[in-house]
Every structure is written in structure tokens, then in C-alpha cells.
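Listed below are the residues making up each chain.
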Amino acid sequence: MTDDLARLTAPTEFLDHESAAVQEFIDAAVPDRGADQRELAISLYYAVRDDVFYEVYGADLSRDGFKASSVATRKQGFCLHKSVLYAACCRAVGIPARLHYGEVRNHLASDRLREHIGGDVFFHGLTSVHLDGKWVKATPVFNGLLCRLYGLKPLEFDGVHDSLHHPFDEDGRRSMEFLVDHGGFDDLPYEFVMDQMRTNHPDFLDAEGTGTVRGGSLAAEATR
């Protein structure tokens, strides 16, 4: 592994994989840390996707709330939180990982969420991992329950191909599409992320501006 890639396995402020919470999350997800890196990446992907509940309401957007250790403890968050935890877990087992941001159109958001977001274009976070000599994108976001409620097939990951988004639902309707790619980052760029949230989704933030609005449930708002 080159020095540049080795650097991308180190802990950071937000990818704090040396913490007890992240280490315990990995222990529960990966029985054998000596397994093939692709196998480890896949196992950790499904642990983050399915064992950390996807919820957009009442999310902690403080610096501490975005740390992988906080996400591993709460076991709840949305794409910005879950991508941090996955990147931290991968780094902890020696897989170089970065965070990636963009803007996506989500055709299947609830009416209430669209009202808070200001439409159907969302600031979005995912993860890039380095496996078998190349970078692969992974999005361990929507857990199985939400996929069923919104008529989506759960997004799979094989460690070889990009796992980006759901282009269509089970009835063939448009589901998500990438509109803007903001690129990759070695750690969560907190001021950039919060600026994107304040600029693109001001009505989605709570009164203090350090969290998202409360009082909702994405699962309860499913129309299917």
C-alpha cells in the first residue's frame, strides 16, 4: 500500500475509528478481521445499511453528532452520518476510505420531507473505498425496512461495482438521479457540509441550526 493510501486508513476528527464505540460496532459486524478486504468491506456495508436506522428527522448535525463514534452509539442517522461510520469502519480494518458528496433528485421522498427540504433535490453523502487496486463507491444508506415501505429494492454492494443509488423503484418509476458531484474528501468537511445544508435546505434545520427538525418519521410517512 502506498503512503497516500495508508494515510487514508488513519483516524480523523470525524472518522474516529480508534474509539470504543466504532470498534465494538466492527466486532459485532465482522467475526474475523483477518478476512479478505473485499469480504470485510461487504460485511461492514450491510452492517451500516441495516443495523443503523435511516432517519432524517431529529438528526444531530453538531461536530460531535457527525463523529463515527456518535453514529455507532446512536445507531441512527441519514446519509451524512451513515457514510461517516462506514468510512471509519473500513479504515479501521485497513481499507482506505474517503467521503463523497453530491446532490441527488429523490422522486420518492414523502410530501412532508419535500416541504422541509424545499423540493426533491437533496444534498447527499456516500463513501468511496479502495479495493483490489481501484476506488469503488458505496452507499450503505436505506435500510431494508424503508426500502420495502417505499417500494425499492435494497441497494446491494459486491465490492467490485459502484453502489450509488436507486434509479428506479420496483414499478419502474424514476427514484433517484445524481445531479451534482462535489467530489471526495479525506474527512468530513464540516463547514462545507453545514453550508450546503443551510443554503439548500434551511427549513430542514432546527431553530439552533445544529440538527434537523423533529416530529417526523420517514417510515411513518411512506405512502406505499
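Participant: Honestly, the environment of His124 in this entry has me stumped. Any pointers?
Facilitator: Structurally, the position occupied by His124 is in strand β4 (residues 121-131). Apart from the residues lying within four places of it in its own chain, the contact partners of His124 are Cys79, Leu80, His100, Tyr101, Gly102, Val104, Thr139, Leu164 and Phe178.

Participant: How should I be thinking about the pattern of salt bridges in this particular structure?
Facilitator: Two side chains carrying opposite charge are able to pair once their charged atoms lie near each other. Applying the stated criterion across every chain yields a total of 11 salt bridges. A salt bridge links Arg114 to Asp111, with the shortest nitrogen-to-oxygen separation between them at 3.3 Å. Here the residue Arg114 and the residue Asp111 both occupy positions in helix α6 (residues 111-117), the gap between them amounting to three residues, near one helical turn. Between Glu221 and Arg112 there is a salt bridge, with the nearest N and O atoms lying 3.4 Å from each other. With Glu221 in the segment after α8 (190-200) and Arg112 in helix α6, the pair connects residues that are 109 residues apart, well separated along the chain.

Participant: It is not clear to me how the packing of aromatic side chains should be interpreted in this structure. Could you clarify?
Facilitator: When we look at a pair of aromatic rings, we describe it by the centre distance and by the angle of the planes. Using the criterion set out here, one finds 12 aromatic pairs in the structure. Seen from their ring centres, Tyr45 and Phe157 are 5.1 Å apart, and the 35° between their planes marks the pair as tilted. Highlighted residues: Tyr45 in helix α3 (residues 37-51) and Phe157 in the loop between α7 (144-149) and β6 (176-185), separated in sequence by 112 residues. Comparing Tyr45 with Phe157 shows no difference in burial state: the two are buried. Here the aromatic rings of Phe66 and Tyr190 are separated by 6.0 Å at their centres, their planes lie at 70°, and the arrangement is edge-to-face. Linking Phe66 in the loop between β1 (53-54) and α4 (68-74) with Tyr190 in helix α8, this pair joins segments that are 124 residues apart in sequence. Here Phe66 and Tyr190 have matching classes, each one buried.

Reading guide: rules and limits
- Residues numbered from 1 in each chain as written.
- Predicted model: local features only at pLDDT ≥ 70, side-chain atom pairs only at ≥ 80, totals over all residues.
- Heavy atoms only, no water.
- Helix = DSSP H or I, 4+ residues; strand = E, 2+ residues; numbered from the N terminus.
- Contact = heavy atoms within 4.5 Å.
- Salt bridge = Lys/Arg side-chain N within 4 Å of Asp/Glu carboxyl O.
- Phe/Tyr/Trp six-rings, centres within 6.5 Å; stacked < 30°, edge-to-face > 60°.
- Buried < 20%, exposed > 50% of the residue type's maximum accessible area, 1.4 Å probe, protein only.

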